[in-house]
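# Descriptive analysis of the structure
In case you want the letters, here they are:
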Amino acid sequence: MLQNVLLEREIYSSEEHRMMQKMIQDFINNEMLDQMDEWEKNGMVNREIWERAGELGLLCIDMPEAYGGSGFDFSFSALFIEELAKKGVTGPGFSLHSDVVAPYLLKYGTEAQKQKYLPAMATGKMIASLGMTEPNCGSDLQAITTTAVDKGDHYLVNGQKTFITNGCMCDISLVAVKTRKGTETESISLLIIDSDSEGFKKGKPLKKIGMKAQDTCELFFDNVKVPKENLLGEEGSGFKIMMTELARERLIVALNAIGGAEGAIENTIEYTSTRTAFKQPIAAFQNTQFKLAECSTQLQVHQAFLDRCTLLLSKHQLTAESASIAKYSATEMHNKVVDECLQLFGGYGYMWDYPIARMYADNRVARIYAGTNEIMKLLIARGLYKELFEQMKANKRNK
Ligand SMILES: Cc1cc2nc3c(=O)[nH]c(=O)nc-3n(C[C@H](O)[C@H](O)[C@H](O)COP(=O)(O)OP(=O)(O)OC[C@H]3O[C@@H](n4cnc5c(N)ncnc54)[C@H](O)[C@@H]3O)c2cc1C
């Protein structure tokens with residue numbers, strides 16, 4: 001039933017979208033679902049699945065073909081994100097790699113950097129991570145303390161990052177570092193660091209309450225020599241770049257949320273249609289119908305807004321405020337939907353073998369990462385009071 005809702009969405013209605021959707025669904029059903037237990041046991045997926053995704057053209061979907069990408073627009077990447085989320089496949093950190101790190105390199109990289117990294121990333125033979133968060137700062141990124149000291153032809157990097165997605169498996173990490181003194185925002189730069197550099201160490205997969213198959217770990221830098229040509233963009237431009245690119249990352253988290261909500265509702269319709277109590281299907285109780293009606297309403301209203309944001313991103317017009325609204329609202333909706341759906345499964349909903357239980361544990365983090373939902377509200381409010389805040393800043397400067 002919900003399958004039809006997705007197909008009716010204008011944004012995914014072309015023949016090419018339908019063909020890609022079928023290919024993605026086959027990939028998930030035939031090559032991923034039966035590996036999930038093993039991945040969870042290992043705390044990470046395997047390299048084969050990355051390379052297979054690369055073979056199918058599902059990594060770096062919206063990157064130009066000249067750099068090994070598939071050359072589609074962002075709506076095809078969005079489709080892949082939603083389909084994975086619908087089935088609760090949170091193990092492979094594909095979107096962080098393809099839809100977050102690759103665009104940084106494409107947009108701000110030198111030609112040599114693009115040639116060196118992007119084609120390898122598109123094949124899945126090179127896996128990327130993004131190192132911003134540190135043990136003592138996440139929301140307040142200006143406060144990072146990882147340093148990169150200029151040593152002429154290279155930087156010497158020291159510090160630590162934490163909670164890094166794809167951390168254990170990564171071959172390269174795009175790392176936020178402090179390169180110089182000056183105002184806090186002007187002192188941050190981005191370095192592409194090869195994980196086989198001397199002094200670069202990876203921690204063990206962190207034990208999380210959900211997304212157990214997605215590798216998340218700490219990264220340590222102990223006098224790591226990073227060649228100057230690995231600087232992304234200009235020195236001191238790191239904070240500005242991150243603030244610009246975070247909009248894309250937030251939309252991705254929001255897309256994941258609407259895909260996840262759709263999957264949860266689909267699962268629940270199926271379960272409540274067959275499970276009986278008091279001699280009738282659970283679906284026959286008006287409470288069940290009303291709960292799912294509420295969930296479906298919320299999902300479809302969010303789909304409409306997210307479709308608009310996806311189109312805007314494809315045209316490079318998505319604002320920080322819209323991305324924050326999408327991330328904040330879709331993840332809150334997803335959390336509520338999954339909780340309501342799990343309730344309708346009764347005791348089985350609490351059992352790990354049931355996808356709804358995994359979805360419940362997996363989706364909680366979405367209100368925290370890529371900027372917490374409290375930070376999203378700050379950004380939305382900043383947009384509402386733009387003139388007043390600028391005036392207040394100017395007054396402070398003039399004092
Ligand atoms: C599974 C997982 C994967 C992740 N992957 C990555 C990754 O790949 N790369 C990466 O760099 N990071 C990653 N992160 C880190 C994530 O982005 C941070 O956890 C997040 O930004 C929050 O930072 P923090 O944990 O330091 O929380 P804190 O900043 O310490 O926040 C704690 C609480 O204080 C609130 N708070 C903070 N500042 C304000 C304020 N000004 N106003 C109101 N409330 C505020 C927050 O909303 C939160 O509720 C990941 C995290 C997890 C859990």
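Residues numbered from 1 in each chain as written. Predicted model: local features only at pLDDT ≥ 70, side-chain atom pairs only at ≥ 80, totals over all residues. Heavy atoms only, no water.

## Regarding the UniProt feature "domain: Acyl-CoA dehydrogenase/oxidase C-terminal" (unreviewed entry) in the protein chain
Under the feature "domain: Acyl-CoA dehydrogenase/oxidase C-terminal" (unreviewed entry), the UniProt entry names residues 236-384. Strand forms 3% of residues 236-384 and helix 75%; the C-alpha atoms that close the span are 28 Å apart. (UniProt positions renumbered as here; feature names shortened; annotations may be inferred. Helix = DSSP H or I, 4+ residues; strand = E, 2+ residues; numbered from the N terminus.)

## Digging into the layout of surface pockets
By volume, the second largest pocket amounts to about 460 Å³. Secondary structure elements with two or more residues in the lining of the second largest pocket: α6 (94-108), α8 (238-274) and α9 (286-314). Per element, the largest residue contribution to the lining of the second largest pocket is 5 residues, and it comes from α6. Grouping the constituent residues of the lining of the second largest pocket by class yields 9 nonpolar, 5 polar and 5 charged. The residues that make up the lining of the second largest pocket include at least three from each of domain 1 (2-126) and domain 3 (240-386). (1 Å grid on protein atoms, 1.4 Å probe; cavity = no way out; pocket = protein on both sides within 12 Å on 5 of 7 lines; lining within 4 Å. Points joined across faces, edges and corners; volume = space filled by probe spheres on them. Nonpolar A, V, L, I, M, F, W, Y, C, P; charged D, E, K, R; others polar. Domains from an automatic or database assignment.)

## Description of the pattern of salt bridges
Taken as a whole and assessed by the stated rule, the structure comprises 18 salt bridges. Across the pair Glu51 and Lys125 runs a salt bridge, and its minimum N-O distance is 3.4 Å. Residue Glu51 is located in helix α4 (residues 47-55), and its partner Lys125 is located in the loop between α7 (111-123) and β1 (128-131); the two are separated by 74 residues in the primary sequence. Its relative accessible area of 29% is what places Glu51 among the partly exposed residues. (Salt bridge = Lys/Arg side-chain N within 4 Å of Asp/Glu carboxyl O. Buried < 20%, exposed > 50% of the residue type's maximum accessible area, 1.4 Å probe, protein only.)

## Regarding the domain arrangement of the protein chain
Here the protein chain is partitioned into domain 1 (2-126), domain 2 (129-235) and domain 3 (240-386). Just the C-alpha atoms count here: the centres of domain 1 and domain 3 sit 20 Å apart. Taken together, the contact pairs 30 residues of domain 1 with 29 residues of domain 3. Around 2600 Å² of area is buried between domain 1 and domain 3 when both sides are counted, 61% of it from carbon and sulfur atoms. Inspection of the region where domain 1 meets domain 3 yields 6 salt bridges. The shortest N-O distance in the salt bridge between Asp307 and Arg9 comes to 2.6 Å. Here domain 1 and domain 3 share 9 residue pairs in polar contact (both at pLDDT 80 or more) between them. For the side of domain 1 that touches domain 3, the secondary-structure elements that each account for two or more residues are α1 (2-8), α3 (36-42), α5 (74-86) and α6. The element best represented in the side of domain 1 that touches domain 3 is α6, accounting for 8 residues. For the side of domain 1 that touches domain 3, a count of residues per class yields 15 nonpolar, 5 polar and 10 charged. (Contact = heavy atoms within 4.5 Å. Buried area = accessible area lost by both parts, 1.4 Å probe. Polar contact = N/O pair within 3.5 Å; in protein donor to acceptor, adjacent residues only side chain to side chain.)

## Topic: the site of the ligand
Around the ligand sit 19 residues in total, of which Thr133, Ser139, Phe163, Thr372 and Glu374 are the nearest. Taking Ser139, its side chain carries an N or O atom lying 2.6 Å from an oxygen atom of the ligand. Contact between the ligand and Thr165: a nitrogen atom at 2.8 Å from a side-chain N or O atom of the residue. Of all the secondary structure elements, the ones that give two or more residues to the shell around the ligand are β1, β3 (154-165) and α12 (373-384). (Near = heavy atom within 4 Å.)

## A short note on the packing of aromatic side chains
With the rule as written, the count across this model stands at 9 aromatic pairs. Plain terms: the ring middles of Phe345 and Tyr354 are 6.3 Å apart, the flat faces sit at 80° to each other, and that makes the pair edge-to-face. Aromatic side chains Tyr385 and Phe389 sit 5.7 Å apart centroid to centroid with 35° between the ring planes, which places their arrangement in the tilted category. Given the relative accessible area of 46%, Tyr385 is considered partly exposed. Owing to a relative accessible area of 34%, Phe389 belongs among the partly exposed residues under this scheme. Through a chain of ring-to-ring contacts, the aromatic side chains of Tyr271, Phe345, Tyr348 and Tyr354 assemble into a single cluster. (Phe/Tyr/Trp six-rings, centres within 6.5 Å; stacked < 30°, edge-to-face > 60°.)

## Considering the nonpolar core
In this structure, Met32, Phe94, Tyr104, Met121, Met242 and Leu255 are the most contacted members of the largest nonpolar core, which totals 89 residues. Of the residues forming this core, the biggest block, 15 residues, is contributed by α8. Setting aside chain neighbours within four positions, we find Leu255 in contact with Tyr12, Phe74, Ala78, Ile81, Glu82, Leu306 and Thr310. Ala148, Val157, Val177 and Cys217 belong to the second-largest nonpolar core, a separate cluster that totals 16 residues. (Core = buried A, V, L, I, M, F, W, Y, C linked by side-chain atoms within 4.5 Å.)

## Considerations on the state of the cysteines
As enumerated under the stated definition, the model contains 0 disulfides in all. Between Cys60, a cysteine without a disulfide, and Cys170, which holds the nearest cysteine sulfur, the sulfur-to-sulfur distance is 15 Å. The thiol sulfur of Cys295 is not disulfide-bonded, and the nearest other cysteine sulfur, from Cys341, lies at 4.6 Å. Exposure remark for Cys295: the relative accessible area of 6% places this residue in the buried category. (Disulfide = S-S within 2.5 Å.)

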